[in-house]
Amino acid sequence: MANETPINLVGNLTGDPELRFLDSGTAMVKFTVASTPRTFDRQSGEWKDGEALFMSCTAFRDLAEHIAESLTKGTRVIVIGRLRQSRWEDKETGQKRSGFSVDVDEVGPSLRFAQAKVSRITRNKGGDGFTPSDVPDDAWASAAPAPAA
């Protein structure tokens, strides 16, 4: 969408993703990513951790279910999404508050310190309502190479 702030975030999940379903039946998952910058201190010759950033993330629909099934506490992830600011008034003190979170568009495991095996999900319906076998002249329907020219 226009005028939204894109964000790329790399860090570790602080807990298992929490999957729930809205009244409409839409899947929603919430999880928190901790990202800690590290800098090298030349005087001591050691790496030092900076202040950790804890970012709340939310995803919906199929992506939410895939996250809940695939990721667990401690998993290093790469999150791509849109930064969202929320504003509210504290009920106890009446003070105005604000916070930031990420609306997730894409997420995956970081392969810097791990390996992953990816398995495709077989879809029953495409985003346009057609089942894959109903799409006429689908060039992607078979894995056969194109004929030589």
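The model shown is predicted, which means the values in this text are computed figures rather than measured ones.

A word on the overall build of the protein chain
Part 1 of the argument: Summing up its helical and strand segments, the protein chain has one helix and eight strands in all.
Part 2 of the argument: Taken from N to C terminus, the helices and strands of the protein chain fall in the order β-β-β-β-β-β-α-β-β.
Part 3 of the argument: Across the 149 residues of the protein chain, 21% fall into the buried class.
Part 4 of the argument: Contacts spanning at least 24 positions in sequence make up 57% of the contacts within the protein chain whose residues lie at least 6 apart.

Observations concerning the side chain of T75
Part 1 of the argument: Residue position: T75 is located in the loop between α1 (61-70) and β7 (76-89).
Part 2 of the argument: Of note is the side chain of T75, whose polar atom sits 2.7 Å from the backbone oxygen of T72.
Part 3 of the argument: The contact partners of T75, leaving out residues within four places of it in the chain, are G11, N12 and L13.

Considering the environment of V79
Part 1 of the argument: With respect to the helices and strands, V79 occurs in strand β7.
Part 2 of the argument: Accessibility expressed as a relative area gives 0% for V79, which makes it buried.
Part 3 of the argument: Residues V79 and G108, spaced 29 residues apart in sequence, show a C-alpha to C-alpha distance of 6.8 Å.
Part 4 of the argument: Dropping the residues within four chain positions of it, V79 is found in contact with I7, N8, L9, F31, V33, C57, V102, V104, E106 and V107.

Side note on the pairing of strand β1 (residues 5-13)
Part 1 of the argument: With eight bridges joining them, β1 and β7 adopt antiparallel strand pairing. Directly across from N8, in β7, lies its bridge partner I80.
Part 2 of the argument: One ladder, built from two bridges, connects β1 with strand β3 (residues 27-35); its direction is antiparallel. Bridging from a neighbouring strand, L13 pairs with V33 of β3.

Comments concerning the nonpolar core
Part 1 of the argument: One finds F31, V33, C57, V79, V102 and V104 to be the most contacted residues of the largest nonpolar core, which totals 17 residues.
Part 2 of the argument: A per-element tally of this core places β3 first, with four residues.
Part 3 of the argument: Ignoring any residue separated from it by four or fewer positions in sequence, one finds V33 in contact with L9, V10, G11, N12, L13, L53, F54, M55, C57, V77 and V79.

Looking at unusual backbone geometry
Part 1 of the argument: If you check the backbone angles, R61 has positive phi at about 60 degrees while not being a glycine.
Part 2 of the argument: Mapped onto the secondary structure, R61 falls in helix α1.

Reading the values: the criteria
Residues numbered from 1 in each chain as written. Predicted model: local features only at pLDDT ≥ 70, side-chain atom pairs only at ≥ 80, totals over all residues. Heavy atoms only, no water. Helix = DSSP H or I, 4+ residues; strand = E, 2+ residues; numbered from the N terminus. Buried < 20%, exposed > 50% of the residue type's maximum accessible area, 1.4 Å probe, protein only. Contact = heavy atoms within 4.5 Å. Polar contact = N/O pair within 3.5 Å; in protein donor to acceptor, adjacent residues only side chain to side chain. Pairing = 2+ DSSP bridges. Core = buried A, V, L, I, M, F, W, Y, C linked by side-chain atoms within 4.5 Å.

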